[in-house]
Amino acid sequence: MYTIFTYSGIDELRKIQASREIFPFKFVETKELLECDTSCCIDITALVYLLQTNKTDLYAAQMNLEKMDEDTVIIVKESVADYALELFPFLFFDYKDFFEESREIEKADIATIACPCERRTLYKYNNADELNTIIVYAKEHDIPIATFSQVSGILRDDFDEFNRSEKLALMDLTSLSYAIEDNKNLIYPLEQILSSFSNLSIIAQTAQVDVLLKYFPLFFDAQEPIKKLLPELSVMPEVPEKKSVLKVTELSHDKLSTFIEGLNHNLIGHKYFKERLHRALKNFISLNRVKEQKILSIFLFGASGIGKTEVARLFAEGLQENSYLAKINFQNYSSQDALNSLIGSPAGYVGCNHGELSEKIEKSSVGVLLCDEFEKTTRPVFSFFLELLEEGKFTDSMAREYNMDGYIIIFTSNIPNEATYKKVIPPELQTRFDLVCEFEAPTELEKNQFLDLLLEKATQRYAKQFEKIVLTDADKRKLYGFDYSKITALRDIKRVFNDRLMAFFEEKEVDY
């Protein structure tokens with residue numbers, strides 16, 4: 001059995017490259033390499049990531065390594081070394097720092113071998129507007145452009161033909177770079193594509209270039225602006241200035257107090273929620289200012305029509321009067337392609353569009369998002385929000401980044417109780433919510449308070465009409481004079497009240 005040599009990260013890996021050439025593990029090719037020359041250096045990091053989720057390939061991996069001997073140097077990233085020992089207990093018995101052994105290797109003057117794949121340049125663009133310009137240019141000049149999933153799937157034969165002809169073809173790795181942080185088993189298949197398509201030019205959004213350099217140091221050694229690759233590319237359009245968004249984190253102490261008072265006054269009932277919300281808001285503002293919490297997430301569940309969505313409306317109104325509330329109804333997000341509808345269809349570029357989420361938050365001038373009937377969506381959407389609540393930002397299908405730092409996201413659901421909440425919402429997502437509260441049906445007293453609030457708002461909205469009316473207690477009793485004891489939804493009470501108000505104006509012969 002043999003020892004595995006470890007490196008801590010990309011810097012140490014490059015130091016190893018300075019002393020000898022490194023082969024990434026590849027099925028079949030690694031076996032053939034060891035049959036020709038056992039004194040080579042093989043990096044199995046990507047293989048370990050692959051085997052973490054694909055144990056069926058373990059036997060084949062062992063067969064590929066069976067020809068190794070004492071002269072073979074196997075290296076792996078230190079963070080997965082323990083798992084490598086678990087995977088190959090009959091090949092390796094221990095691991096140690098590479099640089100202890102490298103000094104002996106240098107003294108032995110072991111001959112190096114040629115690197116099987118020449119490292120290449122990564123070409124970068126800044127934003128979705130620049131990407132659109134690239135797509136137009138590529139179409140005009142018959143240059144194919146696709147994502148990793150397309151090159152490795154339905155377009156593989158087409159790109160293989162371009163690769164053999166050495167004609168220019170582009171593969172955009174932006175979408176893969178976002179996925180790879182949480183899905184390391186993507187490393188190995190991309191290494192296979194990069195090895196097979198050596199003439200393919202690789203592009204990516206500037207913000208993600210470091211991620212690709214981090215995970216694929218054997219394949220990329222430089223980065224250049226896209227115009228180095230496409231010098232005739234027209235001048236990139238300027239990014240339009242983003243409009244300001246009002247957020248609760250920007251409120252002064254006095255404005256926050258006014259904000260909370262307005263919400264308490266206009267939200268009838270739900271005393272327990274209001275107490276917890278006041279505390280949660282203050283904590284969020286303090287933590288956000290020191291960059292400890294990026295989004296305040298609130299999950300409200302209970303029967304329909306009792307004030308859950310009203311909380312989001314009051315938040316938006318409290319930040320800016322008559323503001324547009326970004327609202328997404330997840331009743332429409334229960335299909336297989338729900339995530340595509342949310343953030344845009346896959347970046348195949350032809351027919352690619354923005355998702356509803358980016359469109360809604362761009363349209364709004366307040367940092368509030370309402371996710372209604374959230375329990376009806378799919379697992380990929382749950383996972384998306386899990387990451388959004390953690391990172392405070394997301395990227396749509398066009399690689400456009402949206403920063404939601406300082407936002408309040410309110411998730412509402414008609415699930416009936418806490419037991420159902422724990423059953424329907426994934427446990428890992430439950431832990432991300434900052435405030436979870438069940439909304440209960442209003443009491444008779446609260447229904448009466450709600451009618452008082454409706455009348456108060458009506459006198460403001462119809463000020464001209466009420467100037468012509470002396471509102472008496474008898475008039476008030478008449479407006480309230482319907483049986484609402486069996487009505488639990490406040491929106492239904494509001495509907496009846498408005499009908500009676502219009503009838504009241506007619507009775508008083510007041511135009512409305």
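Read on for a plain summary of the structure. Quantities reported herein were computed from a predicted structural model and do not represent experimental measurements.

Further remarks concern the overall build of the protein chain. The secondary structure content of the protein chain amounts to 25 helices and 17 strands. Against the 2.2 N^0.38 benchmark of 24 Å for 512 residues, the protein chain shows a C-alpha radius of gyration of 31 Å, more extended than a compact globule. With respect to the three principal axes, the spread of C-alpha positions in the protein chain is 105 × 55 × 40 Å. Going through the 512 residues of the protein chain one by one, you find that 50% of them count as buried. Within the protein chain, counting contacts between residues at least 6 apart in sequence, those at least 24 apart form 79% of the total. Entry remark: accessible area of the protein chain is about 25,900 Å², with carbon and sulfur atoms responsible for 47%. Once the 60 positive and 83 negative side-chain charges of the protein chain are each reduced to a mean point, those two points are 8 Å apart.

This paragraph deals with the environment of Val245. Here Val245 lies in the loop between α13 (226–229) and α14 (253–266). When the C-alpha atoms of Val245 and Lys31 are compared, they prove to be 57 Å apart, with 214 residues separating the residues in sequence. When residues no more than four places from it in sequence are discounted, the contact partners of Val245 are Glu250, Ser364, Ser365, Val366, Gly367 and Tyr407.

Let's shift gears to empty space enclosed by the protein. On inspection of all chains with the given rule, the structure shows two cavities of 30 Å³ or more. The space that makes up the largest cavity amounts to roughly 40 Å³. What lines the largest cavity is Phe259, Ile260, Leu263, Asn264, Lys274, Leu277, His278, Leu281 and Phe315. At the level of elements, α14 and α15 (271–289) are the ones that each hand at least two residues to the lining of the largest cavity. By residue class, the composition of the lining of the largest cavity is six nonpolar, two polar and one charged.

On to the sheet that holds strand β7 (residues 145–147), then. Reading across from one edge, β7-β8-β9-β6-β10 is the order of the five strands in this open sheet, with parallel pairing throughout. Two strands lie at the open edges of the sheet, namely β7 and β10 (220–225), each paired on one side alone. Looking at each pair of strands side by side, their axes are set apart by 35 degrees on average, direction ignored. Strand direction decides the pairing type here: strand β6 (residues 120–125) and strand β9 (residues 201–205), joined by four bridges, are parallel. Bridge pairing links Leu122 to Ile202 in β9. In the packing of helix α11 (residues 187–196) onto the sheet, contacts are made with β6, β8 (170–172), β9 and β10, and the angle to β8 comes to roughly 165 degrees.

This structure, assessed with the given rule, holds 25 aromatic pairs. Judged by centre distance (5.3 Å) and plane angle (70 degrees), the rings of Phe374 and Phe382 are edge-to-face. A single burial state applies to Phe374 and to Phe382, both of which are buried. Pairing Phe482 with Tyr484 gives two aromatic rings, centres 5.5 Å apart and planes at 70 degrees, and the pair type is edge-to-face.

Another point: the pattern of salt bridges. In this structure the tally under the stated criterion is 16 salt bridges. Residue Lys31 pairs with Glu35 through a salt bridge whose shortest N-O separation is 2.9 Å. With Lys31 and Glu35 both in helix α2 (residues 29–36) and four residues apart, the pair spans about one turn of that helix. What makes Lys31 partly exposed here is its relative accessible area of 29%. Accessibility expressed as a relative area gives 46% for Glu35, which makes it partly exposed. The partner of Arg432 in a salt bridge is Glu390, and the shortest N-O contact between them spans 3.2 Å. Taken as a pair, Arg432 in the loop between α21 (427–430) and β17 (435–439) and Glu390 in helix α19 (residues 379–391) lie far apart in primary sequence, 42 residues in all. Exposure remark for Arg432: the relative accessible area of 31% places this residue in the partly exposed category.

A few words now on the packing of α2 against helix α4 (residues 58–65). Interhelical geometry of α2 versus α4 gives an angle of 20 degrees and a closest axis separation of 7 Å. Here α4 runs roughly parallel to α2, going by the angle between their axes. Judged by the twist between their axes, the crossing of α2 over α4 is left-handed. Of the residues in α4, those in contact with Thr30, Lys31 and Leu34 of α2 are Met63, Asn64 and Leu65. Of the residues assigned to the contact of α2 with α4, the class counts are three nonpolar, two polar and one charged.

On to unusual backbone geometry, then. Note: most residues except glycine have negative phi, and most peptide bonds are trans. Of note in the backbone geometry, Val28 takes a positive phi value of approximately 75 degrees without being a glycine. Tracing the backbone through its elements, the reader meets Val28 in the loop between β2 (23–24) and α2. Even without being a glycine, Asn322 presents a positive backbone phi close to 60 degrees. Tracing the sequence through the fold places Asn322 in the loop between α16 (308–319) and β12 (326–329).

Cut-offs and rules
- Counting of residues starts from 1 at the beginning of each chain's written sequence and follows it residue by residue.
- Only residues with pLDDT of at least 70 get local features here, since the model is predicted, and only at 80 or more are side-chain atom pairs given and counted; chain-wide, interface and lining totals rely on the full set of residues.
- By convention in this description, side-chain values take in all heavy atoms of the structure and omit both hydrogens and water.
- A run of H or I in DSSP becomes a helix once it reaches four residues, and a run of E becomes a strand once it reaches two; helices and strands are each numbered from the N terminus.
- In this description the radius of gyration comes from C-alpha coordinates, and the expected globular size is given by 2.2 Å times residues to the power 0.38.
- Relative accessibility thresholds used throughout: buried, under 20% of the residue-type maximum; exposed, over 50%; partly exposed, between the two (1.4 Å probe, protein chains only).
- Contacts: residue pairs with any heavy atoms within 4.5 Å of one another.
- Computed with the Shrake-Rupley method and a 1.4 Å probe, the accessible areas treat only the protein chains shown as cover for residues.
- By the counting scheme adopted, Arg and Lys are positive, Glu and Asp are negative, and His together with the chain ends is not counted.
- To locate a charge, take NZ of a lysine, CZ of an arginine, CG of an aspartate or CD of a glutamate.
- Both cavities and pockets are sets of points on a 1 Å grid over the protein atoms alone; in a cavity a 1.4 Å probe fits but cannot get out, in a pocket the set is open with protein on both sides within 12 Å along at least five of seven lines, and lining residues sit with an atom within 4 Å of a point.
- Grid points are joined across faces, edges and corners, and a volume is the space filled by probe spheres set on the points.
- Only Asp, Glu, Lys and Arg are considered charged, only Ala, Val, Leu, Ile, Met, Phe, Trp, Tyr, Cys and Pro nonpolar, and every remaining residue, Gly among them, polar.
- Strands pair, by our definition, only if DSSP identifies at least two bridges between them.
- Each axis is a line fitted through C-alpha atoms, and for a helix only the stretch in contact is used; angles between axes span 0 to 180 degrees, taken between their N-to-C directions.
- Working definition: rings of Phe, Tyr and Trp (its six-membered ring) pair if their centres are within 6.5 Å, and the pair is stacked with planes under 30 degrees apart, edge-to-face with planes over 60 apart, and tilted otherwise.
- Put simply, a salt bridge is a Lys or Arg side-chain nitrogen that is within 4 Å of an Asp or Glu carboxyl oxygen.
- Oblique is the label for any angle not covered by the other classes, which are roughly parallel (under 35 degrees), roughly antiparallel (over 145) and roughly perpendicular (65 to 115).
- Helix crossings fall into two classes, left-handed where the near helix is turned counterclockwise from the far one by less than a right angle and right-handed where it is turned clockwise.

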